[in-house]
Amino acid sequence: MPPHTDFAVKDPYTYLHGLGNYHSSEALPGAVPLVNNSPQIPPLNLRTERISGTAFTADRDKNKQTFLYRANPSLEHSEFVPLDVSSGYGPDSANVPRHLNPNSVMWGDVPVPGAGATHWINGQQLVGANGEPQRKEGIAVWLFSVTESMPPRHAFASLDGELLVVPQSGSLDITTELGRLVVRQNEIAVIPRGVRHRVALVGEQRPCRGYICELFQGHFQLPALGVLGSTGLANARDFEIPTAYFDGELVEGRAVPHHHHHHDHNHHIGNTAEEDDKDDGRWTIIVRLATRRWHCTQPHTPFDVAGWHGTCYPYKYDLAKFCVMGNLLFDEHDPSLFTVLSAPNHAAGPGTAVADFAVIPPRYMVAEQTLWLPYFHRNTMQEFFAPIVSAQDPRHPFNQNAGGGGGGGGGNNNKSSNSNRFLPFTAGLHGAMSTHGPAQQELRAMRALDTTIPRKVGDELGGVTVFLFETERPLVLTDWAYEHAVKNPQATAKARAAKM
Ligand SMILES: [Fe+2]
């Protein structure tokens, strides 16, 4: 397998490369002013708006600020009011974390709440959280099941934290204020806190399911490499940053956004022509604050940024590009070797993390006279884990179970009765100090293995990568997650088989 994913869904967009770099992008030539960040009159009659992701005085290598040059300032909107149940987006009360369990837990075949079709806003279910967004501490873990694009002229932003999006099956087309990106199974995307985005389906409208790690505190960054040197694990150059996207055009030297009025039959941001037809031109902005959703409307598109420059931006990464480092002679080394991104907890000292995102991809094992499995262990971190389907073949069993029957409906959303089910959901959680390790059957097989012969492991199922959200603080589960969880799953062979 070449060190990148052979994606079934092609990506039409262009990207900048290099995580952590200062980037600049123009959708309309000349949109980014020369030298002066805030000109008296910006180019193309644009307005200057800034997103600060860190304190102004944060160290240079951690400073995240971006200047946007847009047609209309985001200021122009109606009052934010809570989204209530009658709005059809489902109750926020399902998203209250309150269960801690000393058992390891696992989730198998679990339906996602919400009947029928789901999109990015009503298709997210909180699994658990730790810390609190209002204190800017900890994380939340959401699962999402998306069977249709977001309604026309709707955009979403989390005011609570940065969103690390991990599609397990299917693909998403995400339009953000800073540009557009396609995120497919075996890729991840990160959307900074507060950045508005609209999520549509791509790939013959096959449903997309997956997980989100919402980081209330700090930012994801590449881990320090220490004695590994300057390359390896996730390489900075393999991260892709969207280029500016302006939903409009240049008219007589001015950047003019489209209004999506009923004579406009252009295809915009995932809308069908019919969607563009029913039209008062207003956009709905939905935000999440302390896991509660609010909405407002505005008379203009949020995707009117003609240029931007800075260090606070969305990005994506193909997990097949992860450069696995490992044991070349003997012993089982620490799984920190599998860290893709880390959100350090600077206050708690070196090496500690609010959350680590790690992947265990297919790889060669060569360690002699070594158990090719994790030993039994109890860790200080909590481990939330789940499989990612790297196999792109729609006939792969996991893809079959994604609800769309592996492909399609000819551009129509598949609204079959189980189209929003995670089959198999198969996520699990090992809390801090809860013992886990190999099952007896695996252990027996690996104890009998001839370890003088290198072997590729982990691709027996045609390409499945296990990912982990490792968190410092205990993950407190919602009612929904607690009720559907199998407790102490390693005690039963059946649950063990479901884990692969
Ligand atoms: Fe573990």
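Here the structure is shown first, and the text comes after it.
Predicted model, so just to flag it, every value in this text is computed and none were measured.

## A word on the overall build of the chain
Helix and strand counts for the chain come out as 5 helices and 34 strands. Taking all 500 residues of the chain together, 47% fall into the buried category. Taking contacts inside the chain between residues at least 6 apart in sequence as the whole, the part at least 24 apart equals 79%.

## Some details on unusual backbone geometry
Positive phi, close to 60 degrees, is recorded for L44, a residue that is not glycine. One can find L44 in the loop between β2 (23-26) and β3 (47-52). Unlike most non-glycine residues, N488 shows phi in positive territory, near 50 degrees. Take N488: it is sitting in the loop between β34 (486-487) and α5 (493-498). Classification of N488 as partly exposed rests on a count of 14 C-beta atoms within 10 Å.

## Concerning the sheet that holds strand β23 (residues 305-310)
With respect to topology, 4 strands assemble into an open sheet ordered β2-β23-β4-β3, the strand pairing being antiparallel. Strands with a single pairing partner mark the edges of an open sheet, and in this sheet they are β2 and β3. Sheet twist, expressed as the average angle between the axes of neighbouring strands with direction ignored, equals 20 degrees. Alignment of β2 against β23, held across 4 bridges, turns out to be antiparallel. Bridged to S24 within β23 is H309.

## Notes on the sheet that holds strand β28 (residues 382-389)
Strand order in the open sheet formed by 7 strands is β25-β26-β32-β28-β30-β7-β34, and the pairing between neighbours is antiparallel. At either end of the open sheet lies a strand with only one pairing partner, and these are β25 (339-344) and β34. Pairing geometry for β25 and strand β26 (residues 353-360), over 5 bridges, is antiparallel. Along β26, the bridge assignment pairs S342 with D356.

Rules of the game
- Residues numbered from 1 in each chain as written.
- Predicted model: local features only at pLDDT ≥ 70, side-chain atom pairs only at ≥ 80, totals over all residues.
- Helix = DSSP H or I, 4+ residues; strand = E, 2+ residues; numbered from the N terminus.
- Buried ≥ 20, exposed ≤ 12 C-beta atoms within 10 Å, placed from the backbone.
- Contact = placed C-beta atoms within 7 Å.
- Pairing = 2+ DSSP bridges.
- Axes fitted to C-alpha atoms, helices over the stretch in contact; angles between N-to-C directions.

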